[in-house]
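Fold and geometry: a report
Here are the chains, one letter per residue:
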Amino acid sequence: MISRLLTIENRWALILLLAIPYLWWSGKFSVAGLSPKHLNLSAAIRSTVIAFLVLALAQPVFHWHGSAVSVVYLLDVSQSVSASSIQSAIQWIRDTNDAGKPSEAGFIAFASNSLGFHELKEMTQVPVSAHASPNAIDQSQTNIAAAVERAIRGFAPNPLKRLVLMSDGNENSGSVASVIPRLKQEGIEVFTVPMGVRPEADVWLEDVVAPPKVNTDEEFPLEARVYSQSDTDGRIEIRNGPKVLKQSVVRLKKGINRIGLETSIPDGSGTVVLEVEIHAKPDAVAENNVFRQTIEVLGKPKILYAEGHAASSSYLRDALSAEGFNVTVIDSGDLPQTVEEFAQYDAVVISDVNAKSISEAQMQAVNEYVRELGGGFILAGGENVFGEKGYSGTTIAEALPVTFEVKKPLQSVSIIVILDKSGSMAGDKIRYAKEATKAPLALLKDTDHFGVLTFNFNAAWVLHPQPIADRVAILKAIDEIGVGGETNLYPAMKEAFAELQKETDQIKHVIILSDGRTLTDDFPGLTKQMADARITVSTVSVGQEADRELMAKIASLGGGKTFYAEDPAGVPQIFNKDLEDSVGEAFEETAFKPIVTKQAEAFKGIDFQSAPKLLGYVQTKAKASAEVLLEAHHDKPLLARWQYGLGKAVVFTSDVKDRWAVDWLKWKGYSKFWSQIVRESMRRQDDSEFDFRVRRDGESAVLYVDSIGKEGHFQDQLHIQAHVLAPDRTDSLVDIPQIGPGAYEARVPLMQNGTYLFRLASNGSAGASRMLAYSYPEEYRSYPPDTERLRMISKETGGVFEPTVAEIFDTRGQRTDIPIDPVPWLIASALGLFVIDVILRRFRLFEQSRS
C-alpha cells in the first residue's frame, strides 16, 4: 500500500492565506453593480488564485514511497575485450533493459576514458581510437574507477540505484577499489558481468628485469618475463640499438615464463636502452613483442667522433684516448638517427663534415641531444664547412654559438687580376704581388674562370680568362711575370672590360694592383661602363707613391673596395679578404696565431704563446650570447661556446687534423687542449646531492628526487623541475613538488610508445638525466577475465556477480521516497484562473431578465 506524505519548505507563507477572508469581506462594498452570485463566483476564483500562489510560495513536496529503479550500464570497449563479446553485451543490455523496465536508464561506454548516452542505440555507434581523443573512446587502457565515478554522478538522487558493470576486470589505470566506499555511501549496488577477452593465441613480453647499473663489458643477468597463451617454441633477442647482443631459442609454456639470460654491453657508457624481443608462432598481436629497458653503463666518458676526412681521424682520436676517453669514430652517414641513440655518449664531435651528408633526422637528433638531454657538442671546421656545403640554415646551426657568413655560395665566378709590372714594382713588391695573384686559386672552383693581365705602358695577357683546372700551369705562368716600363693603367682596364663582357659567369670581378701614378684618362667613364655591365672593381695601392685618390675613386665607382698596403708583405692577405667579400667563400687559408680573448678553465695549463700557427679557419660571426674564447683575427672567432638548452655547444673554426692544424699535431699542448675542451663541454654527470629515479607505474612515469646536502642534511623548499622529451619529440617542463623531508615526487602520464627522456633542473642549472622506455600499453596483454575483482566489487556493494534480470531489478522490499513537486502545477493553475476571472469581468451573469 502506498501512503501519501506532504512536506512544506516555507511554512511562514501560509499566513498569507488570511488575504482570502479579507477578499470576501471587501466584496460586500463593491460598486461594480454585479449580481451577488457573480460577485461570489469572482471572489471564489480569486480566492483560489491566492491559495494556489501562497501554496507555491510555501514550496510543498509530495512524497510517494515506492520501488522505482534507476539503472546505469557500464560497457568495457577497451582493446583487451573481444569484438564479439562487446556485440553480445549490447544485445544483453537491450534484452535486460526491456524486461526490467527501469524508471530511468543510462548507458556509458568506457576504456581509458568514457562517454555517456541516453539511448542504447547511441552507444552502439560509439567512436573508438587507439590513443587519446576528446570525442572518442581511447582503447589503450582500462580505467574502471573513472567510469564508475561518472556513473555515480549520472544517477538520479531518489530511485533505487543499480549499476551494471560489464568488463573483463583487467584494469590497468586507476583503482576501482578506491571508489567502493563511495558506492556504499550512495547506496549503489553493482552487478558485474564478465566479458570475454581477445580469443587469438598471443605471446608477449610482460617485463624485463635487469640491474640498474652495470660496468662496460661486464656479464650481467637479465630476466625476460614472457606470457604465452599456448605451449609453443620461440626465439628471444636482446639488442642495443641495431647491434644484437644475445639470441636464444626457448620453450614457452602456457602462462608466465621467466627466462634467465646473460649478456654484456661492450664499449659503452651512459644510459643505454636495451630492447628485448620475442619471436613466436602463433602470435596475434605484434605490438607487444618488444620490451625496452634502460640501464646505466659505467665506464670512461664516451665520445662520438664523426670525421669528414676518415684518413685523418686518428689524430684527435688518439689524443682523446690518451687522455682517458672512450672514442668511437664513425662516418658522417652513420650518425644516430634518434636522440635515444645519442644518449649513450657524453659528447659528440663533428669535424669537417659536409652538411649534405647528414640527414635532417640526424641533425634534429643532434639538436635535441644538446637542448633536451644536456649533451656536449663540438663542431670543428675544415674545407667542407663553408659555402654551398655549409651548415647555414640547418637544424645543427640553431645549436651553434656562431653563424656562417656565406654570401654567394652557388654562383659561378670570373676573376681578372690587373697587375702593375712597371719598373717601380721590382724587388719585394712584385714578389708579394705574385703571391697575392695566386690567392684566388685557393678559393675558386675548377669551373670558375681566372685571368691575369699585366701592364706598364701597354697591357699584356699573362693568362687569358680560363677554367682553373690546371692550377700548376697557372702558378708557373704567374711566377714568370717580370718588371719594367712606365705606368699606364687605362689600356689594361679597357682590355679586361672587353674580355669580361664575353663571360657568362654570375660574378665578374676585377682586382687592380699598382704602386704608382698612372697616365691621365677617362677612368670614371670606363669604370661606370664596367659597373653598368655588372662588373665589380676593387683596387689595392702599394707604397706611398701610389695614386690612392684615383684608386679609391675607381673602387667606389666600380662597386668594389679599396685597400692600401704600405708594406708589400700585407698584399696577399688583402687579396684574400677582397675575394672572400666579393666571391662569398667563408674560409681563409692564412697562417695565424690564436688570440686569447677570455681566460677559461678549459685553458688551464695551456701555453698559447708556444702554440704553433694554424693555417686556416672558417669565417663565422658570433651570436649575441656566445662566449668567444679564442679569435683568429679581430672579430673572427676561432673558439666559441654557449649554453644551448640544457647542454653546451662549441665551435672551433679551424680544423683538428693535418691541413690547417698540421703544426698543432706536433705541439705538446694539442692533447691537453682538446681533452679539456671536451671535458668542459660534455654532458654533466649526476649531481651527488640529488638521487634522481624514474619508475613506471601503470601508464605513468613517477619521478623521485631525494636531496641530501654535502653535510648530510635534507635540502628542503627547492624549486626542482624536470624537462620531459616525449617520443614524438615534444618537450614539456614538469614541477616536482616536495612531499617530505628532502623528498620530491611527480607523476607524468605516458601517452605514447617509445622512449621518454627526463632531465633534472634545479635553480636554473641542468642536472642528472634518466630515460624511461615505454614499450606498449598494458591493454595489449590478453589476460583471462579477472573474475575475482568483479566478484569483489559485487560482494562489497550488495550486488550480484553474473546476475539474472530478476536479480538486477529485485528491490527485496526496499522502498525509496519519490518526491513530487506541485509548484509548477499550482502556478499554472493560478495563471489559468486569473485569465478566467479577467474574462468574466466583461459579462454580467446571474441577472434576472426584465419584462
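Please refer to the structure placed before this passage.
These lines cover the structure that appears in this document, whether it is placed above or below. All chains use their own residue numbering, which begins from 1 and follows the written sequence. Residues qualify for local features only when their pLDDT is at least 70, as the model is predicted, and side-chain atom pairs are given and counted only at 80 or more; totals for whole chains, interfaces and linings, by contrast, use all residues. Heavy atoms throughout the structure, all of them, feed into the side-chain values; hydrogens and water do not.

1. What about the sheet that holds strand β5 (residues 114-117)?
Remark on secondary structure: sheet strands pair via backbone hydrogen bonds, oriented parallel or antiparallel. Only strands that DSSP links by at least two bridges are regarded as paired with each other. Here a strand is any run of E in DSSP of at least two residues, a helix any run of H or I of at least four, and the numbering for each starts at the N terminus. What the five strands build is an open sheet, ordered β5-β4-β3-β8-β9; its pairing is mixed. Of all the strands in the sheet, the pair left with one neighbour each is β5 and β9 (188-194). On average, adjacent strands in this sheet sit at an angle of 20° to one another, irrespective of strand direction. Here, two residues are considered to be in contact whenever any of their heavy atoms come within 4.5 Å of each other. Orientation is described by axes fitted as lines to C-alpha atoms, over the contacting stretch for helices, and by angles from 0 to 180 degrees between their N-to-C directions. The sheet strands contacting helix α3 (residues 83-100) are β3 (69-76), β4 (104-110), β8 (160-167) and β9, and the helix crosses β3 at an angle near 175°.

2. Overview of the pairing of β3
Looking down a regular strand, the side chains alternate between one sheet face and the other. Most of β3 sits out of view: eight of its eight residues are buried. Judged by which residues are buried, β3 turns out to be covered on both faces: V69, V71, Y73 and L75 on one side and S70, V72, L74 and D76 on the other are all buried. Pairing of β3 with β8 involves seven bridges; the strand directions are parallel. Paired with L75 across the two strands is M166, which belongs to β8. Where β3 and β4 come together, seven bridges link them in parallel fashion. When the sheet's bridge partners are listed, V72 is paired in β4 with G106. After leaving β3, the chain enters α3 and then returns to the sheet as β4, a path that is right-handed. To sort residues, take the accessible area from a 1.4 Å probe on protein chains only and compare it with the maximum for the residue type: under 20% means buried, over 50% means exposed, and anything in between is partly exposed. When the strands point away from the viewer, a crossover counts as right-handed if the path from the first strand over the helix to the second runs clockwise.

3. Considerations on the packing of aromatic side chains
Ring pairs shown here join Phe, Tyr and Trp side chains whose ring centres sit within 6.5 Å, with only the six-membered ring taken for Trp; geometry is labelled stacked below 30 degrees between planes, edge-to-face above 60, and tilted in between. Under the counting rule described, the total for this entry stands at 19 aromatic pairs. With 4.6 Å between their ring centres and 10° between their planes, W204 and Y227 make a pair best called stacked. Of this pair, W204 sits in strand β10 (residues 203-209) while Y227 is found in strand β12 (residues 220-228), placing the two residues 23 residues apart along the sequence. The pair W204 / Y227 is uniform in exposure class, with both members buried. With a centroid separation of 6.1 Å and 15° between ring planes, the pair formed by W642 and Y644 is classed as stacked. Residue W642 is classed as buried on the basis of its relative accessible area, which comes to 15%. What links up through ring pairs into an aromatic cluster is the set F603, F608, F652, W664, W667, F673 and W674. For R431, the ring lying beneath its charged end belongs to Y432, and the centroid distance is 4.7 Å. Placement of a charge over a ring requires the Lys NZ or Arg CZ to be within 6 Å of the ring centre, with the centre-to-atom vector within 35 degrees of the ring normal. Here the basic side chain of R548 rests over the ring of Y564, its NZ or CZ set 3.7 Å away from the ring centre.

4. Thoughts on the pairing of β12
Two strands pair when backbone bridges link them, and β10 and β12 are joined in this way by six bridges, in the antiparallel orientation. Bridge pairing in β12 links V203 to S228.

5. Quick notes on the layout of surface pockets
Here a cavity denotes a set of grid points, spaced 1 Å apart and computed over the protein atoms alone, in which a 1.4 Å probe fits but from which it cannot get out, and a pocket denotes an open set meeting protein on both sides within 12 Å along at least five of seven lines; residues with an atom within 4 Å of a point are reported as lining. Grid points are joined across faces, edges and corners, and a volume is the space filled by probe spheres set on the points. Quantified by volume, the largest pocket comes out at close to 770 Å³. Only β10, β17 (290-298), β36 (690-697) and β43 (765-774) provide two or more residues apiece to the lining of the largest pocket. N240, G241, P242, E341 and Q344 are, among the 27 residues lining the second largest pocket, the residues nearest its centre. Of all the secondary structure elements, the ones that give two or more residues to the lining of the second largest pocket are β14 (243-252), β16 (270-280), β18 (302-307), β19 (326-330), α8 (339-342) and β42 (754-762). Its residues assigned to classes, the lining of the second largest pocket shows 10 nonpolar, eight polar and nine charged. Residue polarity follows a fixed list, in which Ala, Val, Leu, Ile, Met, Phe, Trp, Tyr, Cys and Pro are nonpolar, Asp, Glu, Lys and Arg are charged, and the others, Gly among them, are polar.

6. A short note on the packing of helix α15 (residues 523-532) against helix α16 (residues 548-557)
At a minimum axis separation of 8 Å, α15 and α16 run at an interaxial angle of 30°. Considered as vectors, α15 and α16 are oriented roughly parallel to each other. Our pair here, α15 against α16, has a crossing hand that is right-handed. Contact residues: α15 offers F523, P524, T527 and A531, while α16 offers L550, K553, I554 and L557. Here the residues of the contact of α15 with α16 sort into six nonpolar, one polar and one charged. Note that the term roughly parallel is reserved for angles under 35 degrees, roughly antiparallel for angles over 145, roughly perpendicular for angles of 65 to 115, and oblique for everything else. The sense of a crossing depends on the near helix, which, turned anticlockwise from the far helix by less than a right angle, makes the crossing left-handed and, turned clockwise, makes it right-handed.

7. Brief notes about the pattern of salt bridges
Put simply, a salt bridge is a Lys or Arg side-chain nitrogen that is within 4 Å of an Asp or Glu carboxyl oxygen. Taken as a whole and judged by the stated rule, the model has 32 salt bridges. Residues E223 and R258 are paired through a salt bridge, measuring 3.5 Å at the closest nitrogen-oxygen approach. Here R258 lies in strand β15 (residues 255-263) and E223 lies in strand β12, a separation of 35 residues in the sequence. The partly exposed category is assigned to E223, whose relative accessible area is 24%. A salt bridge links E237 to R239; the nearest nitrogen and oxygen atoms lie 2.6 Å apart. Like E237, the residue R239 is buried in the burial classification.

8. Brief notes about the nonpolar core
Counting residues in each nonpolar core, the largest one holds 41 residues, and the members touching the most others are I350, F377, L379, Y391 and I396. With five residues, helix α9 (residues 360-371) is the largest single contributor of residues to this core. Beyond its immediate stretch of four places on either side in the chain, L379 contacts I350, V385, Y391, L400, F404, V650, V651 and F652. To define a nonpolar core, start from buried Ala, Val, Leu, Ile, Met, Phe, Trp, Tyr and Cys residues and group those joined through side-chain atoms within 4.5 Å.

By themselves, these figures tell us nothing about what the structure is for.
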